[in-house]
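Each chain, letter by letter, is given below.
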Amino acid sequence: MIKLDIKDAKKFIKTNVFSLQDQVNELHDVIVNKSGLGNDFLGWLDLPLTYDKEELDRIYKLKEQHKGIDAIVVIGIGGSYLGAKAGYEFLKTPFKKQKPELIFAGHHLSANYLKHLLKYLNKKNYVINVISKSGTTTEPAVAFRLLKAHIENKYGVEEARKRIFATTDKARGSLYQLAINEGYERFVIEDNVGGRFSVLSAVGLLPFVFVGIDVEKMIKGAQDAYHDAQDPSLKKNKAYLYAVTRFLLNQSGKDVEYLINYEPRLAFFAEWWKQLFGESEGKGGKGLLVHSASFTTDLHSLGQQIQDGNRIIFETVLNVKKTDKLSIPFVEEDLDKLNYIAGKEISYVNEQAFLGTKEAHIDGGVPNIVITIDKMDAYHFGYLVYFFEIACAMSAYLLEVNPFDQPGVEAYKKNMFRLLGKK
Ligand code: PA5
């Protein structure tokens with residue numbers, strides 16, 4: 001469950017948010033009846049209920065077969081990377097040595113990173129999960145060439161085949177073909193599930209299962225978010241209320257939405273969120289410019305600009321209610337003058353930083369939406385993923401853009417291929 005508070009955004013909007021209810025009702029029908037733009041990519045809509053249980057069982061068995069490994073290398077980019085990375089960071093305990101460790105590759109073209117990764121893997125007992133829906137994306141394909149050679153060298157071709165799992169299209173593409181030829185264990189990204197909406201499919205579930213994340217709880221969170229989104233009433237449907245609020249803020253001249261966190265474990269969730277909204281809405285000259293910041297860290301870098309710069313910003317704060325208990329010690333000399341908060345929980349101090357910042361930013365003309373989750377666990381990760389996905393579909397439809405394509409992503413590829421001399 002989450003709480004959504006829009007009162008500190010409402011005062012910056014001239015239109016009453018609830019006056020959009022009729023439009024929301026119509027768009028809700030368009031979403032659930034799958035009759036709108038990009039409607040052949042709405043497979044994620046029912047995924048919390050219809051996810052492939054047989055496939056999930058196979059993932060558990062695969063994990064069992066490979067127990068004792070040191071690392072799983074997940075190769076992918078964009079929607080085939082960010083969800084797993086976001087979930088892993090959201091749920092992992094800081095500084096705890098993870099076994100198996102989750103390592104990512106194929107999310108850039110850095111020779112420096114790849115060279116050192118290969119060296120690092122020399123001494124590791126590892127498996128590979130290569131993820132690409134199209135099977136033709138350059139970054140993961142390059143990384144997979146290198147890692148395939150490495151793992152074959154290390155274990156021999158036969159054993160390497162048992163250690164490589166491919167998550168890709170069910171019937172086409174070069175990764176699909178390669179997986180068939182080599183006999184890799186295969187997992188499917190359905191045609192109607194786009195990359196950035198795929199984290200609750202094998203794309204996210206396989207890495208999560210391998211590192212011991214409770215995916216049943218995660219799916220339960222997503223199911224609850226699914227049920228909570230069935231009624232389009234803005235009095236009940238928080239995802240739609242969030243979508244309408246950010247839409248109206250945009251119409252009131254706020255062009256930039258910052259997703260703010262006060263917990264470092266949420267920083268990568270913001271990267272996933274940025275792709276979701278940026279790639280879904282940013283087309284045809286439309287869409288909010290999505291940004292993120294980690295407070296209080298970034299209050300010491302971006303704080304000035306947010307408080308006092310170009311007044312085109314609003315903030316959506318992802319707030320966590322319960323975190324660890326740790327209090328500030330009392331020190332006799334009090335040279336740092338902190339004894340006035342000695343004995344107080346650090347989470348209490350963090351909360352006061354949040355409240356103080358919110359007040360200052362609102363005074364400075366920065367509207368605030370606050371989304372509060374109880375804690376950072378698998379349930380809330382699953383809930384938030386579905387919450388933002390359905391909010392994103394509504395947001396993009398309010399803007400009259402197709403949420404599910406990404407024609408702009410092709411532009412850089414065309415140039416890169418031309419410069420590389422691809423035929
Ligand atoms: O959301 C998307 O569709 C993209 O970000 C893709 O996930 C990304 O480009 C990777 O594509 P693929 O999985 O085909 O390698």
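Within each chain, residues carry numbers counting from 1 in the order of the written sequence. Local features in this predicted model are restricted to residues whose pLDDT is 70 or higher, and side-chain atom pairs enter the listing and the counts only when it is 80 or higher, whereas totals over whole chains, interfaces and linings include all residues. Here the side-chain values reflect all heavy atoms present in the structure, with hydrogen atoms and water set aside.

S.K.: Any chance you could explain the sheet that holds strand 1 (residues 2-5) here in plain terms?
M.R.: Strands in a sheet are paired, the pairing made by backbone hydrogen bonds, and the direction either parallel or antiparallel. Strand pairing is assigned whenever DSSP detects at least two bridges linking the two strands. By definition, any uninterrupted DSSP run of H or I lasting at least four residues is a helix, any uninterrupted run of E lasting at least two residues is a strand, and each is numbered from the N terminus. Read from one edge to the other, the open sheet built from five strands follows the order 1-10-9-7-8, with strand pairing classed as mixed. Strands with a single pairing partner mark the edges of an open sheet, and in this sheet they are strand 1 and strand 8 (289-294). Geometrically, the sheet is characterised by an average inter-axis angle of 20° between neighbouring strands, direction not taken into account. Direction of pairing for strand 7 (residues 256-261) relative to strand 9 (residues 313-320): parallel, over a ladder of six bridges. Across the sheet, residue I260 finds its bridge partner in strand 9, namely V317. Residue contacts follow a heavy-atom distance rule, with two residues in contact if any of their heavy atoms lie within 4.5 Å. Note on geometry: axes are lines fitted to C-alpha atoms, helical ones only across the stretch in contact, with angles between N-to-C directions running from 0 to 180 degrees. Helix 12 (residues 238-251) rests against strand 1, strand 7, strand 8, strand 9 and strand 10 (368-373) of the sheet, and its axis sits at about 160° to strand 10. Contacts from helix 13 (residues 267-281) reach strand 7, strand 8 and strand 9 within the one sheet, and its direction differs from that of strand 8 by about 175°.

S.K.: What should I look at first to understand the sheet that holds strand 3 (residues 101-105) in this one?
M.R.: Pairing is parallel in the open sheet, where five strands are placed in the order 3-2-4-5-6. Only two strands of the sheet have a single neighbouring strand rather than two, namely strand 3 and strand 6 (185-188). Adjacent strand axes in the sheet meet at a mean angle of 20° when their direction is disregarded. Across five bridges, the pairing between strand 2 (residues 71-75) and strand 4 (residues 126-131) is parallel. Following the sheet pairing, I72 is matched in strand 4 by V127. Helix 4 (residues 53-65) rests against strand 5 (164-168) and strand 6 of the sheet, and its axis sits at about 145° to strand 6. The strands touched by helix 6 (residues 111-121) within the sheet are strand 2, strand 3 and strand 4, with strand 3 carrying the most contacts at an inclination of about 145°.

S.K.: Is there a simple way to think about the pattern of salt bridges in this case?
M.R.: Pairing of side chains with opposite charge becomes possible as their charged atoms draw close. Salt bridge, as used here: a side-chain nitrogen of Lys or Arg that lies within 4 Å of a carboxyl oxygen of Asp or Glu. This model, assessed by the stated rule, comprises 32 salt bridges. R163 serves as the salt-bridge partner of E159, at 2.8 Å between the closest nitrogen and oxygen. In this pair, E159 and R163 both sit in helix 8 (residues 157-163), four residues apart, roughly one turn of the helix. Accessibility expressed as a relative area gives 28% for E159, which makes it partly exposed. Two residues, D231 and K236, come together in a salt bridge whose shortest N-O distance is 3.3 Å. Classification of D231 by relative accessible area gives partly exposed; the value is 31%. Residue K236 is classed as exposed on the basis of its relative accessible area of 56%. Three labels apply to residues, based on accessible area from a 1.4 Å probe with only protein chains included: buried if under 20% of the type maximum, exposed if over 50%, partly exposed otherwise in between.

S.K.: Sorry, what's going on with the nonpolar core here?
M.R.: The tendency in soluble globular proteins is for nonpolar side chains to be buried as a group. Take the buried Ala, Val, Leu, Ile, Met, Phe, Trp, Tyr and Cys residues and link them wherever side-chain atoms come within 4.5 Å; each set so joined is a nonpolar core. One finds Y242, F269, W272 and F388 to be the most contacted residues of the largest nonpolar core, which totals 101 residues. In terms of residue count, helix 16 (residues 378-398) provides more of this core than any other element does, 17 residues in total. Apart from the residues lying within four places of it in its own chain, the contact partners of F269 are A86, F90, L259, L318, F381, L384, V385 and F388. L117, L118, Y126 and I151 belong to the second-largest nonpolar core, a separate cluster that totals 22 residues.

S.K.: Which parts of the structure should I look at to understand the domain arrangement of the protein?
M.R.: When the parts of a complex come together, some accessible area is lost, and that lost area is often taken as the interface size. Domain limits in this description derive from either an automatic procedure or a database domain assignment. Structurally, the protein comprises domain 1 (2-35 + 219-398) and domain 2 (43-213). Between the C-alpha centres of domain 1 and domain 2 there is a distance of 30 Å. At the interface, 32 residues of domain 1 touch 27 residues of domain 2. Roughly 2,600 Å² is buried in total at the junction of domain 1 and domain 2, and carbon and sulfur atoms are behind 73% of that figure. Here domain 1 is connected to domain 2 by two salt bridges. The salt bridge partner of E279 is R196, with a shortest N-O separation of 2.9 Å. Buried surface area refers to the total accessible area, computed with a probe of radius 1.4 Å, that the two partners give up upon joining, counted for both partners together.

S.K.: So what exactly am I meant to see when it comes to the packing of aromatic side chains here?
M.R.: Working definition: an aromatic ring pair is given by the centre-to-centre distance plus the angle between the planes. Whether two aromatic rings pair depends on their centres lying within 6.5 Å, for rings of Phe, Tyr and Trp, where Trp uses its six-membered ring; planes under 30 degrees apart make the pair stacked, over 60 edge-to-face, and the rest tilted. This model, assessed by the stated rule, comprises 25 aromatic pairs. A connected cluster of aromatic rings, assembled from ring pairs, spans F90, F208, Y242, F269, W272, W273, F277, F381, F387 and F388. A cation sits over an aromatic face here: K53 above Y51, 4.4 Å from the ring centre. Positioned above the aromatic ring of F268 is the side chain of K85, whose terminal nitrogen or guanidinium carbon lies 4.8 Å from the ring centre. Charge-over-ring contacts are defined here by two conditions on Lys NZ or Arg CZ: a distance within 6 Å of the ring centre and an angle within 35 degrees of the ring normal.

S.K.: Can you walk me through the environment of P367 in this structure?
M.R.: Secondary-structure assignment places P367 in the loop between helix 15 (346-363) and strand 10. Separated by 358 residues in sequence, P367 and A9 have C-alpha atoms that sit 4.6 Å apart. When residues no more than four places from it in sequence are discounted, the contact partners of P367 are D8, A9, F12, L249, K254, I313, F314 and E315.

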